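Structural overview for review
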Amino acid sequence: MSTPVDVDRTAPVLTELAIDIDAPREVVWKLHTEITAWPKWQHDISDARLDEPLARGASFHWAIHGMDITSTVYAIDEGSRILWGGDVNGITGIHEWTFTDTPSGVRLTTAESQSFAGDPVAADVTKMQALLDQALQSWLQQLKAAAETR
């Protein structure tokens, strides 16, 4: 597989959401890219670690809802965009985050695609879509709360 440059817009599960955050982009970017600190503000994540500098090709490990995930950074534009992805439990996920200045702070946009390699997961796409929608909405809300209290 070649290195992705975007989410898979043809994937069976695709979520795109955005939120406006009343905090400087630098604050939101720092919260979001300090991976080892995720469990402090993202309460769904029980563990997160990055053992190398955050850069294209770097891998990081995290645990959410009982799933241990290893993600690889596919692209990073400091302060404005990060794209990562990986495989877990038969799911190939590609996740993009973009940060755009607004008059009162930053607009954070996220998109994630999930493709499936196994029948049990592919059999319930509707449930997987609902779970991804809920997870990303929660992530955005928790990041907003953390950024706006700083």
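The coordinates are above.
None of the values given here were measured: they were computed from a predicted structure.

1. Focus: the overall build of the chain
Of the regular secondary structure elements, the chain holds 4 helices and 7 strands. The N-to-C order of helical and strand elements in the chain reads β-α-α-β-β-β-β-β-β-α-α. The C-alpha radius of gyration computed for the chain amounts to 15 Å, which stays within 12% of the reference 15 Å derived for 150 residues, consistent with globular compactness. Expressed as lengths along the three principal axes of its C-alpha atoms, the size of the chain is roughly 45 × 30 × 30 Å. Taken across its 150 residues, the chain has 45% of its residues classed as buried. In the chain, of all internal contacts separated by at least 6 residues, the share reaching a separation of at least 24 is 51%.

2. A closer look at the pairing of strand β3 (residues 59-64)
Pairing of strand β2 (residues 45-50) with β3 involves 5 bridges; the strand directions are antiparallel. Residue pairing in the sheet places alanine 48 in a bridge with tryptophan 62 of β3. Where β3 and strand β4 (residues 67-77) come together, 6 bridges link them in antiparallel fashion. Bridge pairing links histidine 61 to threonine 70 in β4.

3. A few points about the pattern of salt bridges
Counting across every chain of the model gives 8 salt bridges. What you see here is one network of salt bridges that share partners, running through Asp6, Arg9 and Glu16.

4. Describing the packing of helix α1 (residues 25-33) against helix α4 (residues 125-148)
It is the contact of α1 with α4, at a shortest axis distance of 10 Å, that shows an interaxial angle of 125 degrees. Compared by their axis directions, α1 and α4 come out oblique. For the pair α1 and α4, the crossing hand works out as right-handed. Only Trp139, Leu143, Ala146 and Ala147 of α4 make contact with α1, whose side of the interface consists of Val27, Val28, Leu31 and His32. When its residues are assigned to classes, the contact of α1 with α4 shows 7 nonpolar, 1 polar and no charged.

5. Points about the packing of aromatic side chains
Inspection of the entire model under this criterion finds 11 aromatic pairs. Where tryptophan 29 meets phenylalanine 99, the ring centres are 5.0 Å apart and the plane angle is 75 degrees; that geometry is what we call edge-to-face. In this pair, tryptophan 29 is assigned in helix α1 and phenylalanine 99 in strand β6 (residues 91-102), connecting sequence segments 70 residues apart. Comparing tryptophan 29 with phenylalanine 99 shows no difference in burial state: the two are buried.

6. A closer look at the nonpolar core
By size, the foremost hydrophobic cluster in this structure holds 30 residues, and its most contacted members are Val28, Trp38, Trp62 and Leu108. If one sorts the elements of this core by residue count, α4 sits on top with 5 residues. Excluding residues within four positions of it along the chain, valine 28 makes contact with Ile21, Ala23, Phe99, Val106, Leu108, Leu143 and Ala147.

7. A few points about the sheet that holds strand β1 (residues 13-21)
Sheet strands pair via backbone hydrogen bonds, and the direction of the pair is either parallel or antiparallel. Ordered in space as β1-β7-β6-β5-β4-β3-β2, the 7 strands form an open sheet in which the pairing is antiparallel. Each edge of the sheet is formed by a strand with only one pairing partner; in this case those strands are β1 and β2. The sheet shows a mean angle of 20 degrees between the axes of neighbouring strands, direction not considered. Running over the sheet, α4 touches β1, β2, β3, β5 (81-88), β6 and β7 (105-116) and is turned about 20 degrees from β1.

The rules behind these values
- Each chain carries its own residue numbering, running from 1 in the direction its sequence is written.
- The predicted nature of this model means local features are confined to residues of pLDDT at least 70 and side-chain atom pairs, given and counted, to a pLDDT of 80 or more, with totals for whole chains, interfaces and linings taken over all residues.
- Working from all heavy atoms in the structure, the side-chain values ignore hydrogens and water.
- By definition, any uninterrupted DSSP run of H or I lasting at least four residues is a helix, any uninterrupted run of E lasting at least two residues is a strand, and each is numbered from the N terminus.
- Just to be clear, the radius of gyration here is over C-alpha atoms, and the globule rule we use is 2.2 Å times residues to the power 0.38.
- Partly exposed residues are those whose accessible area sits between 20% and 50% of the maximum for their type, while under 20% is buried and over 50% is exposed, using a 1.4 Å probe and protein chains only.
- Residues count as neighbours in contact if any of their non-hydrogen atoms are within 4.5 Å of one another.
- Strands are treated as partners if at least two bridges between them are detected by DSSP.
- What counts as a salt bridge is simple: a side-chain nitrogen of Lys or Arg found within 4 Å of a carboxyl oxygen of Asp or Glu.
- For helices, the axis comes from a line fit to the C-alpha atoms of the stretch in contact; other axes are also lines fit to C-alpha atoms, and the angle between any two N-to-C directions lies between 0 and 180 degrees.
- Reported orientations rely on four angle classes, namely roughly parallel under 35 degrees, roughly antiparallel over 145, roughly perpendicular from 65 to 115, and oblique for the rest.
- Helix crossings get a hand from a simple test, with the near helix turned counterclockwise from the far one by less than a right angle marking a left-handed crossing and a clockwise turn marking a right-handed one.
- Think of it as three bins: nonpolar holds Ala, Val, Leu, Ile, Met, Phe, Trp, Tyr, Cys and Pro, charged holds Asp, Glu, Lys and Arg, and polar takes everything else, Gly as well.
- By convention, a stacked pair of Phe, Tyr or Trp rings (six-membered ring in the case of Trp) has centres within 6.5 Å and planes under 30 degrees apart, an edge-to-face pair has planes over 60 apart, and any other such pair is tilted.
- Put simply, buried Ala, Val, Leu, Ile, Met, Phe, Trp, Tyr and Cys residues joined by side-chain atoms within 4.5 Å make one nonpolar core.

Note that all results are geometric; they support no functional claim without further evidence.
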